[in-house]
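Here's the letter readout for the chains.
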Amino acid sequence: MPAASNSEYAIEVRNLDAHYGERQILNDINLHVHHGEIMVIMGGSGSGKSTLLRHLLGLNTPTRGSIKLLGQDLAHNSEQAMFELRRKMGVAFQGGALFGSMTVEENVVLPLCEHTELDENTMRIMGRMKLEVVNLAEFGDLMPSELSGGMIKRAALARAIIMDPRLLFFDEPSAGLDPVAAVELDELILRLRQAMNITIVVVTHELESAFKIADRITVLDQGMILMTDSVEAVRNSDNPRIQSLLNRLPRDDAIDADEYMERLTGI
Amino acid sequence: MECTTRLENGFTIIALCGEVDLHFSPKAREIILKHLQDKNHVLVDLSAVTYIDSSGVASLVEGFQHARTHDLKFALVGVSKAAMQILQLSRLDKVFPIIANATEAAQL
Amino acid sequence: MSNAAQNSGLHPAIRLVENIGRKTVAAIEELGYVASMLAESFYWLIFGRRQQQPVRLRNVIAEAMRIGVHAIPIISIICLAIGVMMAIQGIQTLKTFGAESKVIVGLAIAITREFAPLIVSIMVAGRSGSAITARIGTMLESQEIDALRVIGINPVRYITAPLLLAMMISIPALTILGDFMGLLGGGLYSIIELKITLPIYFERCAAALSWTDISQGLIKSLVFAAIIVLVSVSNGFQVRGGAEGVGRATTRSVVMSLTFIVIADMIFTYFLNFA
Ligand SMILES: Nc1ncnc2c1ncn2[C@@H]1O[C@H](COP(=O)(O)OP(=O)(O)OP(=O)(O)O)[C@@H](O)[C@H]1O
Ligand SMILES: [Mg+2]
């Protein structure tokens, strides 16, 4: 399957604009992700990372521009084609989004139950294999509410890869984890890519994690892409906003006194 | 995506080929389990497999489990590098008997 | 908010009209949303299997357990109590005409046509309708609905359709139970006052009842079932703003369900009796 790629890019975003109501959140986003590449989307809080991800997942519709996943345009896809496409992508949400009414194992095998006609025994084994992959083998029978934060993230990852997807999206894998768990999760992402040749998009604001796993990094700032380039190039960029993000400096914009007073007083 | 089977030194050698994915693995599973139910020792030859996904691996696990509970021999032959990486991901490379070629089967 | 600012200079009457207009548009929009959800649920129930996206029997059974089976004790108690109360009031009233033995006819018809379906639906709206809204709202807030969609599971097929089917089985079944418990309650009091035995009481009930009485109650209960599901699900999907939003939607959902049930009951009773 990995060999059969019908388009040059796994993900292709062109001139994407997005709004929440009147407010513009994303501004003319252009992004290409190669097959088998790990692309990290970085940016400060509120820069629009999660919004971009929601658009890539087809959960929100853009106000302008187009998104192609595996060569298929999300806007012009039929329901059936979209359904087929969704079999080939896995998503691990920031908060896990495990179904609270099911055990961990039931959560993990749910996509199989819905998309395949496999024997139940095969499904169960596949689910347990994925739980092995994320080191949660003993916890399949627990409910999501009985898991710790890091375990939830790993369970969500197990569910995301159950169908052996070609595209994997991961929102904030290491946020809120202790350093050891975060490093383990990074290693896991790298191993997954190596073994299964998945194209992976990771949203994060953890620098170390980004530098470790990324092939290329896209830096978002206030809804615009500042740069998309290799880890080295991003590290050495002399763009002040990128530098302040990298060096964890507070924002130091020039202040327009009139405008500032207007914001405070409303006059 | 045809499976061929042949008998050699008391082993049934099942040669899978092509892509062992969601579509094909139910059939592979059926063939493997059928030969085990007939009380044959089984070698699964993966050398012609270009891609195996976790449903394929799960079918192999089922076969191996069946063999273990019925005192039959079971091993994988000709595991490619790509297939090996899939096995390693869930540490199954340390669980399956894996041999380089069918002649080694005598030592199992 | 910007609208309020624009309007502030207008005459209050015009503002009132504009507000009414806006509310009407919103209500019609919601009605359209609910109607399309109803249609979509039936679509999945009927054609889902052909599209290889069936409505799972397992989900339907799980919902039917929660909505129906677990409600059996409370429905039994309440319907029994209401039967007793109706018998007391009925006998007291009819005594003045010396016609207390006619109470059985009144009880039988009032309970099967009116009270059993109404009480059952009100109980289920309070018990399950609120829970459904809260559950869906929480799933929305925790991105579980998003997760369903990215897995390729249509939320209407996976959540609404099983609920609708389970509700349309459970509420009529509970209504039959309510019929029986209500009559039993009425009987327990009547046999003392009228000095008859329970078998004779039920015989007279049976003589007083026709199939239309019971089927009228059941038809209504089906409509109430649909109302509860649609109101509570659509409120759940409209939750915004965290735990507080879930709480608000839950309250709104129960109040709306009860209102619509009573109004629908009135309309139905009119048409089933006069049209
Ligand atoms: N549902 C929503 N409705 C309206 N505005 C929203 C909504 N979600 C996000 N926003 C706005 O969009 C902007 C971008 O938000 P987004 O969640 O994409 O940021 P982010 O880069 O993911 O930030 P973080 O790192 O804090 O998660 C923010 O200014 C936020 O206020
Ligand atoms: Mg975010």
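Every chain is numbered on its own, with residues counted from 1 as its sequence reads. Ligands are numbered from 1 and chains lettered from A, in the order in which they are written. Per-residue local features of the predicted model are confined to residues with pLDDT of at least 70, and side-chain atom pairs are confined, for both listing and counting, to 80 or more; whole-chain, interface and lining totals are unaffected and use all residues. Each side-chain value is worked out from all heavy atoms of the structure, with water and hydrogens disregarded.

A. Up close: the overall build of chain A. Per the convention used, a helix needs a DSSP run of H or I reaching at least four residues, while a strand needs a run of E reaching at least two, with both numbered from the N terminus. Per the secondary structure count, chain A includes 10 helices and 10 strands. Computation of the radius of gyration draws on C-alpha atoms, with the globule rule given as 2.2 Å multiplied by the number of residues to the power 0.38. Its C-alpha atoms give chain A a radius of gyration of 20 Å, within 12% of the compact-globule value 18 Å for 267 residues. Exposure classes here rest on a 1.4 Å probe applied to the protein chains alone. A residue is buried below 20% of its type maximum, exposed above 50%, and partly exposed in between. Within the span of chain A, comprising 267 residues, buried residues form 53% of the whole. Note on definitions: a residue-residue contact is assigned when non-hydrogen atoms from the two residues lie within 4.5 Å. Within chain A, contacts between residues at least 6 apart in sequence are counted, and of these 66% link residues at least 24 apart. In short, Shrake-Rupley with a 1.4 Å probe defines the accessible areas, and a residue's cover is counted only from the protein chains shown. Roughly 12300 Å² of accessible area belongs to chain A as shown, and the carbon and sulfur atoms make up 47% of that amount. Of the charged side chains in chain A, 25 are positive and 39 negative, and the gap between their average positions amounts to 2 Å. Note that His is not counted, nor are the chain ends; the positive residues are Lys and Arg, and the negative ones are Asp and Glu. Working definition for charges: the position is that of NZ of Lys, CZ of Arg, CG of Asp or CD of Glu.

B. Structural context of the overall build of chain B. Counting secondary structure elements, chain B contains three helices and five strands. Ordered by position in the sequence, the α and β elements of chain B form the string β-β-α-β-α-β-α-β. Whereas a compact globule of 108 residues would reach a radius of gyration of roughly 13 Å, chain B reaches 12 Å, a difference of no more than 12%. A principal-axis box enclosing the C-alpha atoms of chain B has dimensions of 30 × 25 × 25 Å. Evaluated residue by residue, chain B yields a buried proportion of 55% over its 108 residues. A separation threshold of at least 6 residues defines the contact pool for chain B, and within that pool the share at least 24 residues apart is 66%. Side-chain charges in chain B split into 10 positive and 12 negative, and the spacing between the mean points of these groups amounts to 6 Å.

C. Looking closely at the confidence of the model for chain A. Residue and element names in this part refer to chain A. Here chain A shows a mean pLDDT of 88. Residues at 70 or above account for 95%. Every residue carries a pLDDT, the predictor's confidence in it, which falls somewhere between 0 and 100. Within chain A, the element-level pLDDT minimum falls on helix α9 (residues 240-246), averaging 81, and the maximum on strand β8 (residues 199-203), averaging 94. Considering only residues more than four positions removed or in separate chains, one finds that residues 1-5, a stretch of pLDDT under 50, has eight contacts.

D. Quick peek at the pairing of strand β6 (residues 89-92) of chain A. All names here are of chain A. Burial of β6 is two-sided: the residues M89 and V91 facing one way and the residues G90 and A92 facing the other way are all buried. DSSP-based pairing: two strands are paired if at least 2 bridges between them are found. When β6 meets strand β7 (residues 167-171), the two strands line up parallel, connected through four bridges. Paired with A92 across the bridge in β7 is F170.

E. Just the interface of chain C and chain A, in detail. Between chain C and chain A, the contact holds 18 residues from the first and 22 residues from the second. Defined here as a combined quantity, buried area equals the accessible surface (1.4 Å probe) lost by two parts on assembly, summed across both. Among the residues of chain C in contact with chain A, Q143, V150 and I151 of chain C are the three that bury the most area, contributing 33% of the side total. Whenever a carboxyl oxygen of Asp or Glu lies within 4 Å of a side-chain nitrogen of Lys or Arg, that contact is scored as a salt bridge. Scanning the region where chain C abuts chain A turns up three salt bridges. For this analysis, a polar contact is any N or O atom pair within 3.5 Å, provided that within protein one partner can donate a hydrogen and the other can accept it, and provided that sequence-adjacent residues contribute only side-chain to side-chain pairs. Here chain C and chain A share seven residue pairs in polar contact (both at pLDDT 80 or more) between them. Secondary structure elements with two or more residues in the side of chain C that touches chain A: α6 (144-151) and α7 (155-194) of chain C.

F. Examining the packing of aromatic side chains more closely. Each pair of aromatic rings taken from Phe, Tyr and Trp, with Trp reduced to its six-membered ring, is defined by centres within 6.5 Å and is described as stacked if the planes are under 30 degrees apart, edge-to-face if over 60, and tilted in the remaining cases. In the structure shown here, the tally under the stated rule is eight aromatic pairs over all chains. Among the aromatic residues, those joined into a ring-pair cluster are F64, F74 and F96 of chain B. Working rule: Lys NZ or Arg CZ, within 6 Å of ring centre, within 35 degrees of ring normal, means a charge sits over the ring. The ring of F211 of chain A carries the charged tip of R235 of chain A above its face, separated from the ring centre by 4.2 Å. The aromatic ring of F64 of chain B is capped on one face by R68 of chain B, whose charged end is 5.5 Å from the ring centroid.

G. Representation of helix α5 (residues 149-160) of chain A in the model. Between the first and last C-alpha of α5 of chain A there are 17 Å, a value that for 12 residues agrees with the 16 Å anticipated at 1.5 Å per step. Where burial is concerned, most of α5 of chain A is hidden: 10 out of the 12 residues are buried. All of the buried residues in α5 of chain A are G150, M151, I152, K153, A155, A156, L157, A158, R159 and A160 of chain A. Structurally, α5 of chain A contributes buried residues whose contacts are with β6, α3 (104-115), α4 (120-133), β7 and α6 (179-196) of chain A together with α6 of chain C. Expected helix span is computed as 1.5 Å times (number of residues minus one).

H. Spatial organisation of the environment of T103 of chain A. Residues and elements named next belong to chain A. Here T103 is to be found in the loop between β6 and α3. It is 9.7 Å that separates the C-alpha atoms of T103 and E146, two residues lying 43 residues apart in sequence. Setting aside residues no more than four positions away along its own chain, T103 makes contact with G140, D141, L142 and M143.

I. The arrangement of the interface of chain A and chain B in detail. Taken residue by residue, the interface counts 23 residues in chain A and 20 residues in chain B. Between chain A and chain B, the buried area comes to about 1900 Å², and carbon and sulfur atoms account for 62% of it. Our enumeration of links across chain A and chain B arrives at two salt bridges. Among the salt bridges present, the one from D119 of chain A reaches R29 of chain B, with a minimum N-O distance of 3.0 Å. Between chain A and chain B we count nine residue pairs in polar contact (both at pLDDT 80 or more) in total. Elements with a contribution of two residues or more to the side of chain A that touches chain B: α4 and α6 of chain A. It is α4 of chain A that contributes the most residues to the side of chain A that touches chain B, eight residues altogether.

J. The arrangement of the confidence of the model for chain B in detail. Residues and elements named next belong to chain B. When pLDDT is averaged along chain B, the result is 85, and 98% of the positions lie at 70 or above. Element-level pLDDT for chain B is lowest in strand β1 (residues 4-8), with a mean of 80, against a maximum mean of 90 in helix α2 (residues 54-69). Predicted complex metrics record ipTM = 0.87 and pTM = 0.85.

K. Structural context of the arrangement of the chains. If you rank the two pairs of chains in contact by how many contacts each has, first place goes to chains A and B. Nowhere do chain B and chain C come into contact; their C-alpha atoms are at least 15 Å apart.

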